[in-house]
Amino acid sequence: MKIYGMSSSGNCHKVRLLIDYLKIPHEWIETDPRYGATKTAEFRQMNPNAHVPVVQLEDRTYLPESNAILYYLAQGSSFWPADKLSQARVLQWMFFEQYDHEPRIAVNRSIQSITNTLAERRAEHEANLPKGYRALGVMEDHLRTNEWFGAEQVSIADIALYAYTHVADEGGFSLADFPRIRAWLGRMEAIPGHTRMRL
């Protein structure tokens with residue numbers, strides 16, 4: 001298995017976490033979109049949408065989109081629950097991550113710490129702050145009565161949400177007022193094989 005990914009991307013880090021948790025043999029191919037690596041004709045054959053991550057399976061099938069990759073790799077493991085309702089709730093949180101969480105937390109991190117375009121995009125960055133805090137508030141409320149997202153034990157929903165939450169400060173979000181999120185991050189970081197993302 002080959003994984004085309006950018007180490008400072010949360011969407012790519014999701015995949016790295018799961019393959020490390022499950023000890024899946026793979027080759028990581030660093031692919032940085034900032035330098036045109038996803039714009040080549042060769043890469044567009046793997047993913048016409050020109051985004052990382054992309055996984056090349058052993059039969060040379062290509063699978064893009066981080067949450068789709070998580071779903072594929074988690075089958076048959078403890079990170080994908082057995083009962084249908086828990087499966088649906090895991091997907092519920094993964095959709096939340098892509099629709100409500102990632103567009104605020106990840107975008108602000110990109111503006112502030114990846115592309116360093118805060119001066120040009122300050123209005124967008126500031127508009128994202130209340131929306132991002134609202135998403136974090138939804139997570140904090142859920143964790144009042146649950147240890148994990150979607151299932152009774154850690155799942156790919158937790159991996160999806162962890163990726164950008166643990167570096168929220170790099171986008172201007174403080175977790176000081178979210179003690180349950182901080183505790184949940186600690187539970188994630190205690191999983192054998194865990195790594196934090198680097199810029």
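Residues numbered from 1 in each chain as written. Predicted model: local features only at pLDDT ≥ 70, side-chain atom pairs only at ≥ 80, totals over all residues. Heavy atoms only, no water.

**Digging into the environment of T145**
Its location among the elements puts T145 in the loop between α5 (122–142) and α6 (156–165). For T145, a relative accessible area of 68% gives the class exposed. Here the alpha-carbon distance between T145 and N49, two residues 96 residues apart in the chain, equals 39 Å. A distance of 3.1 Å separates polar atoms of two side chains, one belonging to T145 and the other to N146. (Helix = DSSP H or I, 4+ residues; strand = E, 2+ residues; numbered from the N terminus. Buried < 20%, exposed > 50% of the residue type's maximum accessible area, 1.4 Å probe, protein only. Polar contact = N/O pair within 3.5 Å; in protein donor to acceptor, adjacent residues only side chain to side chain.)

**Topic: the sheet that holds strand β3 (residues 54–56)**
Pairing within the open sheet is mixed, and its four strands lie in the order β2-β1-β3-β4. Two strands lie at the open edges of the sheet, namely β2 (27–30) and β4 (62–64), each paired on one side alone. Mean inter-strand twist for the sheet, computed between neighbouring axes without regard to direction, equals 20 degrees. Pairing geometry for strand β1 (residues 2–5) and β2, over four bridges, is parallel. Paired with G5 across the bridge in β2 is E30. Sheet strands touched by helix α1 (residues 10–22): β1, β2 and β3. Its angle to β1, the strand with the most contacts, is close to 150 degrees. Packed on one face of the sheet, helix α3 (residues 66–74) meets β3 and β4 and runs near 120 degrees to β4. (Pairing = 2+ DSSP bridges. Axes fitted to C-alpha atoms, helices over the stretch in contact; angles between N-to-C directions. Contact = heavy atoms within 4.5 Å.)

**Brief notes about α3**
All buried positions along α3 are accounted for by S66, N67, I69, L70, L73 and A74. Relative to the axis of α3, the buried residues are bounded by an arc of 155 degrees and lie together on one face. Its buried side turned inward, α3 meets α1, β3, β4, α4 (84–114) and α6. Phi turns positive, to about 80 degrees, at G76, one or two residues after α3. (Arc of directions from axis to C-beta.)

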